[in-house]
Amino acid sequence: MTAHRDKPLFGTLLTAMVTPFKDDGSVDLAATEALAVRLVDQGCDGLVVGGTTGEYSTMTDDEHEAVFRTVKDAVGDRVALVAGAGSNDTQHTLHLSAQAQKAGMDGLLIVTPYYNKPTQTGVVAHFETVADSVELPIMLYDIPGRTGIPLSVDTLIRLAEHEKIVAVKDAKANLAEGMRVITETDLLYYSGDDGLTLPWMSIGAVGLVGVTSHVDTPRFRRLIDAMRAEDLHEALQIAHELEPVVRATMTHVPGAVAAKQILHWQGALQNHRVRLPYVDATDTELAAIKADLEGSVVSETLQF
């Protein structure tokens with residue numbers, strides 16, 4: 001188990017990439033390529049492509065495939081690529097998973113079926129059906145705030161028995177339950193809450209699947225490296241430095257909206273276009289984001 005976690009399959013710092021759009025709302029593949037290269041150059045050893053932050057639920061299957069292939073061509077020989085392929089429809093999830101596999105992705109991020117609110121038995125059947133259908137390893141995405149249901153401890157322990165199910169992105173912040181699953185299984189745990197990276201890693205998580213890591217990739221790289229080196233003093237200092245940046249990105253508007261806006265202020269994206277039902281931040285929300293960022297460790301990279 002220890003060796004399994006010393007060199008995690010998907011890396012230790014994965015940014016859940018936004019999907020850049022052009023002014024007319026179409027997918028900007030050139031900007032997607034440039035962003036992927038930027039993130040990897042600055043320290044990511046994995047990327048999630050087409051996940052929640054990538055606004056996958058408002059994209060067509062053809063757009064998904066184009067983004068998968070673009071990122072694969074850009075950085076696929078350098079880092080692990082995990083495709084967001086989950087849906088509340090098992091059959092559609094199977095289609096997206098096959099599409100990602102064909103495009104050369106290294107793994108799948110499969111979210112708990114949302115809206116339907118199946119029983120835990122249904123959840124297990126959903127994940128096992130997907131796992132049986134593909135050759136790629138799977139990261140489960142446990143985010144009850146969006147899906148309406150959590151993955152129970154018993155469900156996670158049962159799913160860990162499937163050879164294709166190897167990891168969890170946890171966004172429910174129950175460290176006690178997570179500690180039990182980490183202790184009793186070989187599942188690789190990733191913090192799905194940017195601000196909880198340090199506490200998650202202190203109990204055995206291997207890294208982060210983050211959004212704020214768009215904004216300051218090098219500092220998140222240092223945080224994770226410090227935790228893996230058991231340098232808690234260094235890690236605490238970095239986590240404290242990142243706190244206002246995480247607050248700016250994750251608390252005022254959806255992460256995709258804030259990340260695109262901040263990347264635009266950093267000159268990394270030409271625009272901050274999002275798709276409905278997301279909308280741009282209001283003046284009040286922008287003021288709150290700016291207030292968090294002013295004087296932070298990233299303030300010198302911003303042009304408001």
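Predicted model only: the values in this text are computed from it and were never measured.

What counts, and at which threshold
- Residues numbered from 1 in each chain as written.
- Predicted model: local features only at pLDDT ≥ 70, side-chain atom pairs only at ≥ 80, totals over all residues.
- Heavy atoms only, no water.
- Phe/Tyr/Trp six-rings, centres within 6.5 Å; stacked < 30°, edge-to-face > 60°.
- Helix = DSSP H or I, 4+ residues; strand = E, 2+ residues; numbered from the N terminus.
- Buried < 20%, exposed > 50% of the residue type's maximum accessible area, 1.4 Å probe, protein only.
- Lys NZ or Arg CZ within 6 Å of the ring centre and 35° of its normal.
- Core = buried A, V, L, I, M, F, W, Y, C linked by side-chain atoms within 4.5 Å.
- Contact = heavy atoms within 4.5 Å.

A. The packing of aromatic side chains, seen in detail. In total, this model carries two aromatic pairs according to the counting rule given. Ring centres of Tyr-189 and Trp-200 lie 5.5 Å apart, and the angle between their planes is 35°; on these two criteria the pair is classed as tilted. Separated by eleven residues along the polypeptide, Tyr-189 in strand β7 (residues 188-191) and Trp-200 in helix α9 (residues 197-202) bring together distant segments of the chain. Each of the two residues, Tyr-189 as well as Trp-200, counts as buried. Relative to Phe-304, the ring of Trp-265 has its centre 4.7 Å away and its plane inclined at 90°; by these criteria the two rings are edge-to-face. Residue Trp-265 is found in helix α12 (residues 255-265), and its partner Phe-304 is found in the segment after α13 (283-293); the two are separated by 39 residues along the sequence. With relative accessibility at 8%, the residue Trp-265 sits in the buried group. Its guanidinium or amino end placed over the ring of Phe-21, Arg-275 lies 4.4 Å from that ring's centre, counting from NZ or CZ.

B. A look at the nonpolar core. If you look at the biggest cluster of nonpolar residues, it comprises 68 residues, and the most contacted ones within it are Leu-47, Val-71, Val-75, Leu-108, Ile-138 and Leu-140. Each residue touching Ile-138, except ones within four places of it in the same chain, is listed here: Leu-108, Ile-110, Val-130, Ala-131, Lys-164, Ile-165, Val-166 and Ala-167. In terms of nonpolar packing, the next biggest core, distinct from the first, is built from 18 residues, Tyr-56, Leu-109, Ile-143 and Leu-188 among them.

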